[in-house]
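Fold and geometry: a report
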Amino acid sequence: LFDKKSGIGLNILRNPMGSSDYSRTIYSYDDQEEGEEDIELLNFSIQHDLKSIIPLTKMAQKINKELVVFASPWSAPGWMKTSGKMVTGKLRDEFYKVYAEYFVMFINAYHQKGIEIYAITPQNEPLFEPTNYPGMKMLATEQIRFVSHYLKPLFISNNIKTKIFGYDHNWDRVDFPFELLDKASNDFDGIAWHWYGGKPISQARINKYYPEKEVHFTEGSGGSWIPEFDPAFGNLMRTGIEIFRSYSQSLVLWNIALDENNGPTVPGFGESTCRGLVKVDTTSKTYERTIDFYGLAHFSKFIQKGATRIYSSDTTKGISNVMFLNPNGDLVVVLYNDRPIDILVIAKNQDQQSFELVVKAKTAVSSIIKM
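Description of the structure in this document. The model shown is predicted, which means the values in this text are computed figures rather than measured ones. (Residues numbered from 1 in each chain as written. Predicted model: local features only at pLDDT ≥ 70, side-chain atom pairs only at ≥ 80, totals over all residues. Heavy atoms only, no water.)

Things to note about the pattern of salt bridges
Inspection of every chain in the model, using the stated rule, returns 17 salt bridges. A single salt-bridge network, built from bridges that share partners, covers Arg14, Asp168 and Glu219. (Salt bridge = Lys/Arg side-chain N within 4 Å of Asp/Glu carboxyl O.)

Here's the deal with helix α4 (residues 175-184)
Looking only at α4, the buried set comprises Phe176, Pro177, Leu180, Leu181 and Ala184. What you see down the axis of α4 is that its buried residues fit within an arc of 125°, all on one side. Structural note: α4 exposes Asp182 and Lys183 on the side pointing more than 90 degrees away from its buried face. (Buried < 20%, exposed > 50% of the residue type's maximum accessible area, 1.4 Å probe, protein only. Helix = DSSP H or I, 4+ residues; strand = E, 2+ residues; numbered from the N terminus. Arc of directions from axis to C-beta.)

So, the pairing of strand β5 (residues 190-194)
With respect to burial, β5 is a largely interior element, five of its five residues being buried. In β5, alternate side chains face the same way, and those of Gly190, Ala192 and His194 on one face and Ile191 and Trp193 on the other are all buried. A crossover links strand β4 (residues 163-170) with its parallel partner β5, the connecting element being α4, and its sense is right-handed. Pairing between β5 and strand β6 (residues 214-219): five bridges, direction parallel. Counterpart to Ile191 in the pairing with β6 is Val215. The handedness of the β5 to β6 crossover, carried by helix α5 (residues 201-209), is right-handed. (Right-handed = clockwise from strand over helix to strand, strands pointing away. Pairing = 2+ DSSP bridges.)

A look at the nonpolar core
Counting residues in hydrophobic clusters, the biggest one holds 79 residues, and the most contacted among them are Met80, Leu91 and Phe146. Beyond its immediate chain neighbours, meaning those up to four positions away, Leu91 contacts Ala76, Met80, Tyr96, Tyr99, Met136, Met138 and Phe146. Judged by nonpolar contacts, the second largest core, of ten residues, contains Met323, Val345, Val365 and Ile369. (Core = buried A, V, L, I, M, F, W, Y, C linked by side-chain atoms within 4.5 Å. Contact = heavy atoms within 4.5 Å.)

Let's talk about the sheet that holds strand β17 (residues 364-369)
Spatially, the four strands line up as an open sheet ordered β12-β13-β14-β17, and their pairing is antiparallel. Of all strands in the sheet, those with a lone pairing partner are β12 (308-310) and β17, marking the two edges. On average, adjacent strands in this sheet sit at an angle of 25° to one another, irrespective of strand direction. Both β12 and strand β13 (residues 319-325) contribute to a ladder of three bridges, which runs antiparallel. Across the sheet, Thr308 pairs through a bridge with Leu325, a residue of β13. Running over the sheet, helix α7 (residues 291-300) touches β13, β14 (331-337) and β17 and is turned about 20° from β17. (Axes fitted to C-alpha atoms, helices over the stretch in contact; angles between N-to-C directions.)

In structure tokens form, the structure reads like this:
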């Protein structure tokens, strides 16, 4: 997964802050008995993460020195919420300041373990309130209040350089990130996106008016809703190319690895239909690479950190494409032929230098052009 030579060179991880839907248990970093509160966060601890999450993250760091870590909470601790639990509910008004301190303690705790958090989002999927796993609704006005009045000032006073990306939800509600940046542009470093609704062009719409803000695609999952190889692989390639053509600086799929039952998941979650990059058989202790592994490889294996996307013609005749200039001067072009026939592709620059490549039907090709 992470080795740049023998593997596919992944250099971004998005770790949940506390439990997500794909956790063995429901937990936060400061759990309390029902009716109890810990306003001073005296019981804050990342002990849960010491068993596997932090060691695995550090292993990935050791393999790929360029690794960047994002972090997102699925929920605040239950005692901070209107529901009194991590499933459903909203952040109570009186706990905005305490929750901001919770973020600072998390970032500092990970720093002490040798893991720097590049960026956080205030809330994973803030417009969705699931009933079978941790989640927390946080409207745009509430996210602005939390970040502008509490989180950002606390980051500044504690000299924390971790960036704050707003939204962290689907393309179909472009009004949410616009509201964040229209009203509190100075407090957000960028916008994070998911692919479960809408189209990637929403990223470009935000970028048009706020080009100085970072654009990151932080979650998309493959699964049995597009089960066959061709639709699922093609969807990833087409969408991934459009994500980068729409100004994203990253492409993160959910999850890295799942077991033979597409888990583990939290108790009460129900049947899981998601697909990881790797599927692990916990009985035989073997694994297999999924189509999402190979799709993501077309980007991560060849596009270097710090690459610049350069102009290439729009998708025509069924060929989706995106082109990058790597820091070492090489050009990388990622192509996907969506048609049932082989297509000859000719890439030509302004100096009339060109190369030709036959892209077979329903096939992805990534090429490095030495300049």
